[in-house]
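# Observations on chain architecture
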Amino acid sequence: AQSVTQPDARVTVSEGASLQLRCKYSYSGTPYLFWYVQYQRQGLQLLLKYYSGDPVVQGVNGFEAEFSKSDSSFHLRKASVHWSDSAVYFCAATITGNTRKLIFGLGTTLQVQP
Amino acid sequence: GGIITQTPKFLIGQEGQKLTLKCQQNFNHDTMYWYRQDSGKGLRLIYYSITENDLQKGDLSEGYDASREKKSSFSLTVTSAQKNEMAVFLCASSIGSNERLFFGHGTKLSVL
């Protein structure tokens, strides 16, 4: 069955530290992959997306993600986090680019400590 | 830029009550979606619509109805609210099936 797994429900890091949020997908073939962020009391916003090509994609606010076909992963990274990055991060995937079949992970809550 | 407006922001209902949530978008997007967000369960698709008057069931459609009478609006009805139910309903839209989703801020439902 197609699925998206975010193994860490909650991650706490200190401001200025580096960050990696993990995402694993289970799809036949190569899915289209997305990271969305949900700040408190707001809707989800797209951080970045991967369709094909360079496996490292750049997003907004210094975020990047790396697609790995061999590992079935699409981990999100940031070199130096800011307190304003505290939010819930969702990894999502779809096959053949059909967002009507978009499957979301359960989300990872990121808390950045001052 | 456009915006997705969900009303109301908060909805309190009684067990068994029929409740309607509304969503408006001014992106001129073709496709609109309703997702339910529960703590610890991520987002689950309830209904989507690829054009005016079209309705497609998602994974969680039982207990819900939807209506897309205009391209810009998509409403969701909880046909019979369940006691102690608490969730956030998120509306989204996209240009087509291959593009990013834009989300509203959500309607938080509480059932007494």
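A short tour of the structure in this document, coming up.

Reading the values: rules and limits
- The residue count restarts for each chain, going from 1 along the sequence in the order it is written.
- Lettering of chains starts at A and numbering of ligands starts at 1, both following the order in which they are written.
- For a predicted model such as this one, the threshold for reporting local features is a pLDDT of at least 70, and the threshold for listing and counting side-chain atom pairs is 80 or more; totals across whole chains, interfaces and linings nevertheless cover every residue.
- Heavy atoms from the whole structure form the basis of all side-chain values; hydrogens and water molecules are not counted.
- Each nonpolar core is a collection of buried residues, namely Ala, Val, Leu, Ile, Met, Phe, Trp, Tyr and Cys, held together in the definition by side-chain atoms within 4.5 Å.
- Note on exposure labels: buried denotes an accessible area under 20% of the residue type's maximum, exposed denotes more than 50%, and partly exposed covers the range between, all computed with a 1.4 Å probe on protein chains only.
- By the criteria applied, helices consist of DSSP H or I runs no shorter than four residues and strands consist of E runs no shorter than two, each listed in order from the N terminus.
- Should any heavy atoms of two residues lie within 4.5 Å, those residues are considered in contact.
- In plain terms, two cysteine sulfur atoms within 2.5 Å form what is called a disulfide here.
- Once two parts are joined, some of their accessible surface, as seen by a 1.4 Å probe, is lost; buried area is that loss totalled over both.
- Pairs of N or O atoms within 3.5 Å make up the polar contacts considered here, provided that, within protein, one atom can donate a hydrogen while the other can accept it, and that residues adjacent in sequence are counted only when both atoms are side-chain atoms.
- Classes in brief: Ala, Val, Leu, Ile, Met, Phe, Trp, Tyr, Cys and Pro nonpolar; Asp, Glu, Lys and Arg charged; the others, Gly included, polar.
- Paired strands, in this sense, are two strands between which DSSP finds at least two bridges.
- Lines fitted to the C-alpha atoms define the axes, with helices restricted to the stretch that makes contact. Angles between their N-to-C directions range from 0 to 180 degrees.

## Description of the nonpolar core
All names here are of chain A. The biggest cluster of nonpolar side chains holds 28 residues, and the ones touching the most others in it are Leu19, Trp35, Leu47, Leu48, Phe74, Leu76 and Tyr89. Contributions of two or more residues to this core are made by strand E2 (10-14), strand E3 (19-21), strand E5 (32-38), strand E6 (44-50), strand E8 (64-68), strand E9 (73-78), strand E10 (87-94) and strand E12 (108-113). No other element matches the 4 residues that E10 contributes to this core. Every residue in contact with leucine 76, bar those within four places of it in the chain, is listed here: Leu19, Gln20, Leu21, Trp35, Leu47, Leu48, Phe63, Glu64, Ala65 and Tyr89.

## Focus on the state of the cysteines
Going through the model one piece at a time under the given rule, you end up with 2 disulfides over all chains. Between the sulfur atoms of cysteine 23 of chain A and its disulfide mate cysteine 91 of chain A the distance is 2.0 Å. As the torsion about the S-S bond is roughly -65 degrees, the cysteine 23 of chain A-cysteine 91 of chain A disulfide counts as left-handed. You can see cysteine 23 of chain A sitting in the loop between E3 and strand E4 (24-26) and its partner cysteine 91 of chain A sitting in strand E10, a full 68 residues away along the chain. Each sulfur in the disulfide pair cysteine 23 of chain B and cysteine 91 of chain B lies 1.9 Å from the other. Given an S-S torsion of about -80 degrees, the disulfide between cysteine 23 of chain B and cysteine 91 of chain B has left-handed geometry.

## Focus: the interface of chain A and chain B
Residue-level contacts link 20 residues of chain A with 22 residues of chain B. Taking both sides of the interface into account, the surface hidden between chain A and chain B amounts to around 1,700 Å²; carbon and sulfur atoms contribute 53%. Where chain A packs against chain B, one counts 2 residue pairs in polar contact (both at pLDDT 80 or more). At the level of secondary structure, the elements contributing two or more residues to the side of chain A that touches chain B comprise E5 and E6 of chain A. For the side of chain A that touches chain B, a count of residues per class yields 9 nonpolar, 8 polar and 3 charged.

## Let's talk about the sheet that holds strand E1 (residues 4-7) of chain B
Residue and element names in this part refer to chain B. Spatial strand order, E1-E3-E8-E7: 4 strands in an open sheet with antiparallel pairing. Each end of this open sheet is capped by a strand with a single partner; those strands are E1 and strand E7 (64-70). Averaged over all pairs of adjacent strands, the angle between their axes in this sheet comes to 15 degrees, without regard to strand direction. Of the strand pairs in this sheet, E1 and strand E3 (residues 19-25) are connected by 4 bridges, and their pairing is antiparallel. Note that in E3 the partner of isoleucine 4 across the bridge is glutamine 25.

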